[in-house]
Amino acid sequence: MLTNASQVLLRNSELVKDQSVLVINYESDQLIKELLNTASSVCGLALDYHHHLVMQPYAGKKLSLHFGHQLPNDELFDSVIVYFPKAKALAPYLFNLAAKHLKAKGQLIVVGENKGGIKSLPKQLPSYFDAPFKADNARHCVVFLSELNTQAPALKLSDWQSQYQLETPQGMITICNLVGVFSEKKLDEGTKLLLENLPNMQGNVLDFGCGAGVIAAALLKVQPELKVECVDINAMALASCELTLAANGFEAKVFASDGLAQTTTRYDGIISNPPFHDGLASTTNIATTFVKDSANTLRSGGLFHIVANRHLPYSDTIAEYFGAVNVTAENNKYKIYSNTKA
């Protein structure tokens, strides 16, 4: 099943007939495989690891797939398709990335949902692209076309990073935040409560949904002897986390994981401010899976320590898989769940 944006792209697939095509920030469907019916070759760059895994089985000679915030090479394409990101601050970065991989006078195709801010594209597109024009408008989505008219600036990750000092209960830490990654210049309320109630941990610890690395850095600030692994599904978050750790002189293993599926370690502790912002039904399913997988991944005596919105359905699931529910702190919005595996 194609998303609305992908359906609109598919009905405009003649735009890439017999062309080499790069698709950036593609969605959780098989649009890039469908494009091979008209394009000569397709390369996909996913910024969401789950989207990459959905397509991975279809990789082949004419369909190359990558996960990350950049391609591992400088290949040039006839056309680049960009899915307009949900985090609008990420859009200019993606346009710079697209320009880096476009041939001279190459075609830029941008698609997005009306409610996602795509209509702001004419104001956002950099001057090294021609003024965009609307090629299609259907299924509550818009397709814009443009052309690369001059060489774009070199793509330097440091140009897309904000660095600031963050006061935590564990002390001052440096945060490196790339565009599109959630990390305000102050502690969000959930993470603040978590760090105010940070337990003494031991051995191998997993920071699940690491984001820009705030929790991992705070943990290593007070317990530098820990072996910390940081996972996230978002490429920009993983890059941010690596930058944050380096800026503070900390070391941890940082890698992509869809839930806990790509982890291979038995942990002594799992700590998280779980990034669950989907609708209620999917949030319930994700929360249940996270708790179940955490219980299966922890060693006996391992600590499961998370902060979550009060309304999220954690208590019953934690009771099922840990045998009890232990709330160690709470306020009017959040609860700290802290359970030891039997």
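Quick caveat, the model's predicted, so the values are computed rather than measured. (Residues numbered from 1 in each chain as written. Predicted model: local features only at pLDDT ≥ 70, side-chain atom pairs only at ≥ 80, totals over all residues. Heavy atoms only, no water.)

Some details on the overall build of the protein chain
Turning to step 1, where the next piece is worked out: What the protein chain contains, in helices and strands, is ten helices and 16 strands.
Turning to step 2, where the next piece is worked out: Taking 2.2 N^0.38 as the reference for a compact globule, 342 residues should give roughly 20 Å; the C-alpha atoms of the protein chain span a radius of gyration of 21 Å, in line with that estimate.
Turning to step 3, where the next piece is worked out: Referenced to the eigenvectors of the C-alpha coordinate spread, the extents of the protein chain come out at roughly 60 × 40 × 40 Å.
Turning to step 4, where the next piece is worked out: Pairs at least 24 residues apart make up 63% of the contacts formed inside the protein chain by residues separated by at least 6 positions.
Turning to step 5, where the next piece is worked out: With the model as given, the accessible surface of the protein chain reaches about 15,200 Å², and the carbon-plus-sulfur share is 48%.
Turning to step 6, where the next piece is worked out: Looking at charge distribution, the protein chain has the averaged site of its 29 positive side-chain charges lying 3 Å from that of its 32 negative ones. (Helix = DSSP H or I, 4+ residues; strand = E, 2+ residues; numbered from the N terminus. Rg over C-alpha atoms; globule rule 2.2 N^0.38 Å. Contact = heavy atoms within 4.5 Å. Areas by Shrake-Rupley, 256 points an atom, 1.4 Å probe, with all protein chains shown as cover. Lys, Arg positive; Asp, Glu negative; His and termini not counted. Charge placed at Lys NZ, Arg CZ, Asp CG, Glu CD.)

Some points on the sheet that holds strand S2 (residues 41-46)
Turning to step 1, where the next piece is worked out: Within the open sheet, the seven strands sit side by side as S3-S2-S1-S4-S5-S7-S6. Their pairing is mixed. Each end of this open sheet is capped by a strand with a single partner; those strands are strand S3 (63-67) and strand S6 (133-138). In this sheet, adjacent strand axes meet at a mean angle of 15° when their direction is disregarded.
Turning to step 2, where the next piece is worked out: Sheet analysis places strand S1 (residues 20-24) next to strand S4 (residues 77-83), joined by four bridges and oriented parallel. Bridge assignment links valine 21 to a residue of S4, and that residue is serine 79. (Pairing = 2+ DSSP bridges. Axes fitted to C-alpha atoms, helices over the stretch in contact; angles between N-to-C directions.)

Observations concerning the sheet that holds strand S11 (residues 227-232)
Turning to step 1, where the next piece is worked out: Ordered in space as S12-S11-S10-S13-S14-S16-S15, the seven strands form an open sheet in which the pairing is mixed. The two strands at the open ends of the sheet, each matched to only one other strand, are strand S12 (253-256) and strand S15 (327-330). For this sheet, the mean inter-axis angle between neighbouring strands, taken without regard to orientation, is 15°.
Turning to step 2, where the next piece is worked out: Bridge count between S11 and S12: four bridges; the pairing is parallel. When the bridges of S12 are listed, glutamate 229 appears paired with lysine 253.
Turning to step 3, where the next piece is worked out: Each of strand S14 (298-309) and strand S16 (334-340) touches helix H10 (residues 315-322); the most contacted strand, S16, lies at about 5° to it.

Quick look at the pattern of salt bridges
Turning to step 1, where the next piece is worked out: Scanning the model with the defined rule gives eight salt bridges in all.
Turning to step 2, where the next piece is worked out: Here aspartate 136 and arginine 11 are joined by a salt bridge, their closest N and O atoms 2.7 Å apart. Here aspartate 136, found in strand S6, pairs with arginine 11, found in the loop between helix H1 (4-10) and S1; they are 125 residues apart in sequence, far enough to count as distant.
Turning to step 3, where the next piece is worked out: Its salt-bridge partner being lysine 192, residue glutamate 196 comes within 2.6 Å of it at the nearest N-O pair. Separated by four residues within a single helix, glutamate 196 and lysine 192 lie in helix H6 (residues 189-196), roughly one turn from each other. (Salt bridge = Lys/Arg side-chain N within 4 Å of Asp/Glu carboxyl O.)

Details of the environment of alanine 138
Turning to step 1, where the next piece is worked out: Secondary-structure assignment places alanine 138 in strand S6.
Turning to step 2, where the next piece is worked out: We classify alanine 138 as buried; its relative accessible area is 14%.
Turning to step 3, where the next piece is worked out: Separated by 24 residues in the primary sequence, alanine 138 and asparagine 114 place their C-alpha atoms 9.8 Å from one another.
Turning to step 4, where the next piece is worked out: Aside from chain neighbours lying at most four places away, what touches alanine 138 is Val8 and Arg11. (Buried < 20%, exposed > 50% of the residue type's maximum accessible area, 1.4 Å probe, protein only.)

Details of the nonpolar core
Turning to step 1, where the next piece is worked out: In this structure, Ile24, Val82, Tyr93, Phe95 and Phe129 are the most contacted members of the largest nonpolar core, which totals 75 residues.
Turning to step 2, where the next piece is worked out: Leaving out residues up to four positions away in the same chain, phenylalanine 95 has contacts with Val82, Phe84, Val110, Leu121, Gln124, Leu125, Pro126, Tyr128 and Phe129.
Turning to step 3, where the next piece is worked out: Formed by 25 residues, the second largest nonpolar core is a distinct cluster that contains Val8, Leu9, Ala46 and Ile109. (Core = buried A, V, L, I, M, F, W, Y, C linked by side-chain atoms within 4.5 Å.)

A closer look at helix H7 (residues 214-222)
Turning to step 1, where the next piece is worked out: With seven of its nine residues buried, H7 lies for the most part within the structure.
Turning to step 2, where the next piece is worked out: Along H7, the positions that sit buried rather than exposed are Val214, Ile215, Ala216, Ala217, Ala218, Leu219 and Leu220.

Some points on the environment of serine 146
Turning to step 1, where the next piece is worked out: Residue position: serine 146 is located in strand S7 (residues 141-147).
Turning to step 2, where the next piece is worked out: Linking serine 146 and methionine 201, residues 55 residues apart in sequence, is a C-alpha distance of 53 Å.

Brief notes about the side chain of aspartate 188
Turning to step 1, where the next piece is worked out: Structurally, aspartate 188 can be placed in the loop between strand S9 (171-178) and H6.
Turning to step 2, where the next piece is worked out: For the buried aspartate 188, no salt bridge exists, and the shortest N-O distance to an oppositely charged side chain is 10 Å, to lysine 333.
Turning to step 3, where the next piece is worked out: At 2.8 Å, the side chain of aspartate 188 and the side chain of threonine 191 are in polar contact.
Turning to step 4, where the next piece is worked out: Ignoring anything within four residues of it in the chain, the contact list for aspartate 188 reads Phe182 and Asn273. (Polar contact = N/O pair within 3.5 Å; in protein donor to acceptor, adjacent residues only side chain to side chain.)

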